[in-house]
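Residue-level structural notes
The primary structure of each chain is shown beneath.
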Amino acid sequence: MRKLVYLGILLFLSVSLFSQEQGNSKSDFPFYRHEFQFGLGDPSFSSQFVPDPCCYGFYNNNTSWFANDEYVRWDVLTPVVTVQYKYRLKKWLWLGGMLSYHGSYFQRNDVLTDERIGVSRIHSIAIMPAVRFSWLNKKIVTLYSGVALGAAFSFAVNEPRDCFNIDPYFVLQLTYVGVEVGKKWFGFAEIGTGYKGFASAGFGFRFNAKNN
């Protein structure tokens, strides 16, 4: 995983230098200054960010001889839901931020009777300032890379036991390659590493067009 992060940083720096060289050329069509994105990402990476509160490790905490023998009957991970806003400072440079949500749900059952004992829920919310470099700017297609750094908070609730945790932690998102297709309304897809997962996709819209 560390090698992937280092590779992402190297790609990010290379793209940013290329973007600055491309940013001096004039365009014959207007660019939108404001952009919103709504997307879904895979939870494979974001679930690894979440710390291990008492509610999350419930099945490891039965130290009493008389405690119920439990097992996880089912667990559900929601997609990483992300809302992003970016402002275009230059043709190739964007600044903004993103708000992401990821949820985990676990049901515990008794080993002998298979009766439901309780449900554990973990809600994680991340807030990350972001910078993006678009290294291909066409009328319909935009290619870009970016990085976002911020903090997340996990809210863990374990029922019926009396357990509630709030834990802050550091998160990041490296976008190696992203593509947007469309004009005012567009679809997008990204490949990267971080809280949003290895792959994400969605749609967005732009407004306030101006010539560069």
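Residues numbered from 1 in each chain as written. Predicted model: local features only at pLDDT ≥ 70, side-chain atom pairs only at ≥ 80, totals over all residues. Heavy atoms only, no water.

On to the overall build of the chain, then. Scanning the chain from N- to C-terminus turns up two helices and nine strands. Scanning the chain from its N terminus toward the C terminus, one meets helices and strands in the order α-β-α-β-β-β-β-β-β-β-β. With 212 residues in all, the chain has 44% of them scored as buried. As presented, the chain carries roughly 11,400 Å² of accessible surface, and 64% of it is formed by carbon and sulfur atoms. (Helix = DSSP H or I, 4+ residues; strand = E, 2+ residues; numbered from the N terminus. Buried < 20%, exposed > 50% of the residue type's maximum accessible area, 1.4 Å probe, protein only. Areas by Shrake-Rupley, 256 points an atom, 1.4 Å probe, with all protein chains shown as cover.)

On to the confidence of the model for the chain, then. Mean pLDDT over the chain works out to 78, with 71% of the residues at or above the 70 mark. The low-confidence segment residues 19-25, where pLDDT is below 50, has nine contacts with residues more than four positions distant or belonging to other chains. This model gives residues 56-64 a pLDDT under 50, and the stretch forms 17 contacts once residues within four places in sequence are excluded. (pLDDT = per-residue confidence, 0-100. Contact = heavy atoms within 4.5 Å.)

On the surface, Phe38, Val83, Trp185 and Phe203 cluster together into a nonpolar patch covering about 400 Å² of accessible area. Looking at the secondary structure, you find Phe38 in strand E1 (residues 31-41). In this structure Phe38 comes out as partly exposed when scored by relative accessible area, which is 32%. (Patch = residues over 30% accessible without salt bridge, like charges linked within 9 Å, V, L, I, M, F, W, Y side chains within 5 Å. Salt bridge = Lys/Arg side-chain N within 4 Å of Asp/Glu carboxyl O.)

Let's shift gears to the packing of aromatic side chains. On inspection of all chains with the given rule, the structure shows eight aromatic pairs. When the centroid spacing of 5.5 Å and the interplanar angle of 25° are considered together, the rings of Phe36 and Phe205 count as stacked. With Phe36 in strand E1 and Phe205 in strand E9 (residues 199-210), the pair connects residues that are 169 residues apart, well separated along the chain. Here Phe36 falls in the partly exposed class, since its relative accessible area comes to 26%. Look at Phe205 and you get partly exposed, because its relative accessible area is 23%. When the centroid spacing of 6.3 Å and the interplanar angle of 15° are considered together, the rings of Phe36 and Phe207 count as stacked. (Phe/Tyr/Trp six-rings, centres within 6.5 Å; stacked < 30°, edge-to-face > 60°.)

Let us now look at the environment of Gly103. Relative to the helices and strands, Gly103 resides in strand E4 (residues 93-110). Taking the relative accessible area as the measure of exposure, Gly103 reaches 0% and is therefore buried. As a C-alpha pair, Gly103 and Pro43 span 60 residues in sequence and 8.9 Å in three-dimensional space.

On to the side chain of Ser124. Assignment of secondary structure puts Ser124 in strand E5 (residues 116-137). Note on Ser124: relative accessible area 1%, which makes it buried. Polar side-chain contacts of Ser124 include one of 2.5 Å to the side chain of Tyr169. (Polar contact = N/O pair within 3.5 Å; in protein donor to acceptor, adjacent residues only side chain to side chain.)

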